[in-house]
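# Report on the structure
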Amino acid sequence: MNSRREGELHLDVAVAPGHLRQISVRGSAITFAIQVCKFTVQLISTALLARVLSPQDFGLVGMVMAIASVIGLLKDFGLSTATIQQHKITEQQVNYLFWLNVVLGALLALLAVLLSPVVAVFYGEPGLKEIMRVLALGFLISGLTVQHHALLRRQMRFGALAAADLASLIGGTSVALIMAWLGWGYWALVFQAISYSTIALVIVWGACRWRPGPPTRTTEVRAFLVFGGNLTGFEILAHIGRNAAQVMLGWYHGAEQVGYYGRALGLLLIPFSQITGALNTVVVPVLSRLASSPVHFRYAVRILLESVLLLSFPFLVLAIVAADWIVEIVLGAQWHEVGKVFAWMGLYGFAHPLGVVAVWILTTQGKTRTLFRWGIIDALLAVIGAAVGLKNGAEGVAAGFALTGLFVRLPILLLTVTSCTNFKVRDFLSIGGPHILGSILLFCVLLGLRDSLSEQSPLTGLSVLALASVGVFGSYVFLVPSCRARLIELRHALLSFRV
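Attention here is on the structure that accompanies the text. (Residues numbered from 1 in each chain as written. Predicted model: local features only at pLDDT ≥ 70, side-chain atom pairs only at ≥ 80, totals over all residues. Heavy atoms only, no water.)

The next point concerns helix 18 (residues 425-452). Compared with an ideal rise of 1.5 Å per residue, which puts 28 residues at 40 Å, helix 18 spans 40 Å between its outermost C-alpha atoms and is within 8% of the ideal. Maximum bend of helix 18: about 35 degrees, positioned at Gly432, with proline Pro434 one to four residues after it. All of the buried residues in helix 18 are Asp427, Phe428, Ile431, Gly432, Pro434, His435, Gly438, Ser439, Leu442, Leu446 and Arg450. (Helix = DSSP H or I, 4+ residues; strand = E, 2+ residues; numbered from the N terminus. Expected span 1.5 Å × (residues − 1). Bend = angle between axes of the 7 residues up to and from the residue. Buried < 20%, exposed > 50% of the residue type's maximum accessible area, 1.4 Å probe, protein only.)

Structure representation (structure tokens):
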């Protein structure tokens, strides 16, 4: 009986409003600090691996990952987010969901093994069969981690989550670098993924005190399965839309073009994944607790959106103007083909933060059915956009993906959100509009400054443009009354959360 009470305490998330603010700010600070460390590790490892491995190596693994990662989405089945989002949950329900995730992980590992010959034949690359079989092990490992990771997020133990994430990244990166230098080629990237999952399993189980009991049946999980099923459906569709380009490139052009496209996308997502990854860890549990209070929820989302745009838009302008310099500095001169692809990805990046916030709104409001329906439209439009530019290789695919993402898919998503929540179009426009104008101004300034730096080295030129970005965009935000007012509002919000 005492053991059961102790287990139930691990599931308790009752938090006073004032304490919730303190937890969210502390969690954000810890998570962002760890994300800075992760960004540094990822940037260094990307630069080092790009100088040891070839585009062919990255392309081969990228072709498998584009398919294996879609399969991997099913291991969670949205049940981790369901565990976090539900206000009340019992130990019996968590135990059932744990064993369900384990079974799903095992079945998906078997499915990946069975599909490996098909993947090899589809791409015309026999070596992909063994890559797919080894990566299948990761599905089983991750299935054992899903609910423990979800419970740590539900308990808002952001320090433990951040430490596990950083340790896993460092461990997986170390394995990849050692194997690459020893001449293992693309296997270094394969075992990087396996090492990451294994280390995460050990650390998360150590941090979470909840332990599963014997498998039992319960009829009280239907709401979790409906929520998780719709969320998983959306995630699969989003993943298809995001990775269809690599599948089409691999089929039509081969591994090299996939390598160029994958490196450009990865280079853009390194900083974005740090920002959105850090926020996602904190935002989902906090907004889920505020979902029943429309006023507090809307205020929190406005502050969140303002923060995301301030962090991302100046970087995106810099990425577009200095794309070739960034690629040469990070990846090396041999990757010069990636420069134009990366510039197009930078344009798509303006849609990414707004889209992420919109998805968080729908998820934490429990509107996963609406999210799933939107996912069908989004995936279809993403595939069409990529297919239009397929003949022109990685650059053409990136252009089609970026243009449809920014000017077609994003507006439809924002209209979907405003039609079923109390967050309206005017909220997005009032916050995003001034940042868009500021980004256009910054682009013109940097483009003019870029011409005067043509004789400088890439590192010197990029450093000057980066300083100019901070100065110009910072001055714009401070001088424009509407931006300054929201900056003051953001400052007051953060001060009100201070311990």
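Bringing the packing of helix 8 (residues 158-181) against helix 9 (residues 187-207) into the picture now. As a packed pair, helix 8 and helix 9 sit with axes 8 Å apart at the nearest point and diverge in direction by 150 degrees. By the angle class used here, helix 8 and helix 9 are roughly antiparallel. The element helix 8 and its partner helix 9 pack so that their crossing is right-handed. The residue makeup of the contact of helix 8 with helix 9, split by class, is 17 nonpolar, six polar and one charged. (Axes fitted to C-alpha atoms, helices over the stretch in contact; angles between N-to-C directions. Parallel < 35°, antiparallel > 145°, perpendicular 65-115°, else oblique. Left-handed = near helix turned anticlockwise from the far one by under 90°. Nonpolar A, V, L, I, M, F, W, Y, C, P; charged D, E, K, R; others polar.)

Another point: a nonpolar patch on the surface. Together, Ile44, Leu48, Val52 and Trp181 line one region of the surface with nonpolar side chains, adding up to about 370 Å² of accessible area. The biggest single contributor to the nonpolar patch is helix 2 (residues 17-52), with three residues. The exposure class of Leu48 is partly exposed, given its relative accessible area of 32%. (Patch = residues over 30% accessible without salt bridge, like charges linked within 9 Å, V, L, I, M, F, W, Y side chains within 5 Å. Areas by Shrake-Rupley, 256 points an atom, 1.4 Å probe, with all protein chains shown as cover. Salt bridge = Lys/Arg side-chain N within 4 Å of Asp/Glu carboxyl O.)

What follows is about the packing of aromatic side chains. One pass over the structure, following the stated rule, counts nine aromatic pairs. Consider the rings of Phe98 and Trp99, whose centres lie 5.1 Å apart with planes at 80 degrees: the pair is edge-to-face. The buried category is assigned to Phe98, whose relative accessible area is 2%. When its relative accessible area of 29% is taken as the criterion, Trp99 is described as partly exposed. Centre to centre, the rings of Trp251 and Tyr252 are 6.1 Å apart; their planes meet at 50 degrees, and the pair counts as tilted. Judged by relative accessible area, Tyr252 falls into the partly exposed class, the value being 42%. Each residue in the set Phe98, Trp99, Trp205 and Trp210 is aromatic and connected to the rest through ring pairs, giving one cluster. Just above the ring of Phe401 sits the side chain of Arg409; from NZ or CZ to the centre is 4.8 Å. A cation over a ring is seen here: Arg450 above Trp325, with NZ or CZ 3.8 Å from the ring centre. (Phe/Tyr/Trp six-rings, centres within 6.5 Å; stacked < 30°, edge-to-face > 60°. Lys NZ or Arg CZ within 6 Å of the ring centre and 35° of its normal.)

Moving on to the pattern of salt bridges. For the structure shown, the criterion picks out three salt bridges. As a salt-bridge pair, Asp324 and Arg450 come within 2.8 Å of each other at their nearest N and O atoms. Here the residue Asp324 occupies a position in helix 13 (residues 323-330), and Arg450 occupies one in helix 18, the gap between them amounting to 126 residues. In this structure, Arg409 engages Asp378 in a salt bridge whose closest nitrogen and oxygen atoms are separated by 2.7 Å. With a gap of 31 residues between them, Arg409 in helix 17 (residues 393-420) and Asp378 in helix 16 (residues 368-388) connect regions that are remote in the sequence. Summarising the burial analysis for this pair, Arg409 and Asp378 share the class buried.

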